[in-house]
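Geometric and topological summary
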Amino acid sequence: MRRLPRLLPLTLLSLSAALLLAACAPAPIFKPSSNIANVPPETVAQAPERYIGHAVIWGGQVVAVQNMPDTTEVQILGYPLDSSQRPLPNSPAGGRFIAIMKGYVEPLNYPAGALVTLTGHVEGVRVGSVGDASYAFPLVRVDAAHVWTAAELRSDKPHFSFGLGVGIVR
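The structure presented is a predicted model; accordingly, all values stated were derived computationally and were not measured. (Residues numbered from 1 in each chain as written. Predicted model: local features only at pLDDT ≥ 70, side-chain atom pairs only at ≥ 80, totals over all residues. Heavy atoms only, no water.)

Looking at the overall build of the protein chain
On a plain count of helices and strands, the protein chain comes out with three helices and five strands. If you list the helices and strands of the protein chain from N to C, you get α-α-β-β-β-β-β-α. Considering the protein chain as a whole, with its 170 residues, one finds that 31% of them fall into the buried category. Approximately 11,300 Å² of the protein chain is accessible, and the part contributed by carbon and sulfur atoms is 60%. (Helix = DSSP H or I, 4+ residues; strand = E, 2+ residues; numbered from the N terminus. Buried < 20%, exposed > 50% of the residue type's maximum accessible area, 1.4 Å probe, protein only. Areas by Shrake-Rupley, 256 points an atom, 1.4 Å probe, with all protein chains shown as cover.)

Shown next as C-alpha cells:
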C-alpha cells in the first residue's frame, strides 16, 4: 500500500501528458458524417454511376485552374487525408479529379502545387487527358474548400529543438 501514493503522481503526470499530446491534433476542417462516401477519386472514376450525388471530402494538390463563364474548374491530384483532413502528399496519389466551384475563383488563391481539402457532391465523370494519355476525371460540385497554409500543415508536428550557442540581448 505504501507504493500507491508514490505511483499516483507519476500516473497522473503520464495521463496528463497523453491527453495534452492528443489535444495537439487540429480538428477536421469539415464535419465528417455517415453520409459521406469514403472512396478515393480513382474508385469513383472506375464506377461513377455508383457514386453520383454522393457527398465526399477529398483533398490533394492543385494541378491547374480554369475559369469558365459561370464556374471555375480546379484540377486536383488527390491524396489521402489525415485525421485533420490535410492531404498527405508523401502518400500514393489516389487519382485526379476536377472540383467545380461557383463563379470566378482567383487562380492566385489556388496556385499550382497548393494543398487543398474540399467537400462536395460527385456529379459524374469527364473524359480528358493527362499528357497524351486518356483520363477519366471525377467531377465534384464544391460546397466548401480550404487551401492549406504552411503554418497549418505543420501545426501539430512537435517542435523540439536542441542546441548549444551564444545569444546576445540588446
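What about the pairing of strand 5 (residues 133–147)?
Of the strand pairs in this sheet, strand 3 (residues 96–102) and strand 5 are connected by three bridges, and their pairing is parallel. Within strand 5, the residue paired with A99 across the bridge is V140. Sheet topology note: the strand 4 (residues 115–130)/strand 5 ladder contains 14 bridges and is antiparallel. Bridge pairing in strand 5 places T117 opposite H146. (Pairing = 2+ DSSP bridges.)

Some thoughts on the sheet that holds strand 3
If you trace the five strands once around the closed barrel, you get 1-2-3-5-4, paired in mixed fashion. Strand after strand, the sheet turns through a mean of 45° between neighbouring axes, direction not considered. As judged from the seven bridges shared by strand 2 (residues 71–79) and strand 3, these two strands associate in the antiparallel manner. When the sheet's bridge partners are listed, E73 is paired in strand 3 with I100. (Axes fitted to C-alpha atoms, helices over the stretch in contact; angles between N-to-C directions.)

Some remarks on the nonpolar core
One finds W58, I76, F97, A99 and L118 to be the most contacted residues of the largest nonpolar core, which totals 20 residues. At the level of secondary structure, the elements contributing two or more residues to this core comprise strand 1 (55–67), strand 2, strand 3, strand 4 and strand 5. Setting aside residues no more than four positions away along its own chain, F97 makes contact with P41, W58, G59, V74, Q75, I76, G78, L118, F137, P138 and V140. (Core = buried A, V, L, I, M, F, W, Y, C linked by side-chain atoms within 4.5 Å. Contact = heavy atoms within 4.5 Å.)

Section: the pairing of strand 2
Among the nine residues that make up strand 2, eight are buried, leaving the element largely enclosed by the rest of the structure. Pairing of strand 1 with strand 2, which is carried by eight bridges, proceeds in the antiparallel orientation. Paired with G59 across the strands is Y79, a residue of strand 2. Here strand 1 folds back onto strand 2, and the loop between the two strands holds three residues.

Quick notes on the layout of surface pockets
Taken as a whole, the largest pocket encloses approximately 300 Å³ of empty space. If you trace the largest pocket, you find 18 residues lining it, with N38, V39, I57, W58 and L81 closest to the centre. If you list the elements that add at least two residues to the lining of the largest pocket, you get strand 1 and strand 2. The dominant element in the lining of the largest pocket, judged by the number of residues it contributes, is strand 1, at three residues. Within the lining of the largest pocket, the residues separate by chemical class into twelve nonpolar, six polar and no charged. (1 Å grid on protein atoms, 1.4 Å probe; cavity = no way out; pocket = protein on both sides within 12 Å on 5 of 7 lines; lining within 4 Å. Points joined across faces, edges and corners; volume = space filled by probe spheres on them. Nonpolar A, V, L, I, M, F, W, Y, C, P; charged D, E, K, R; others polar.)

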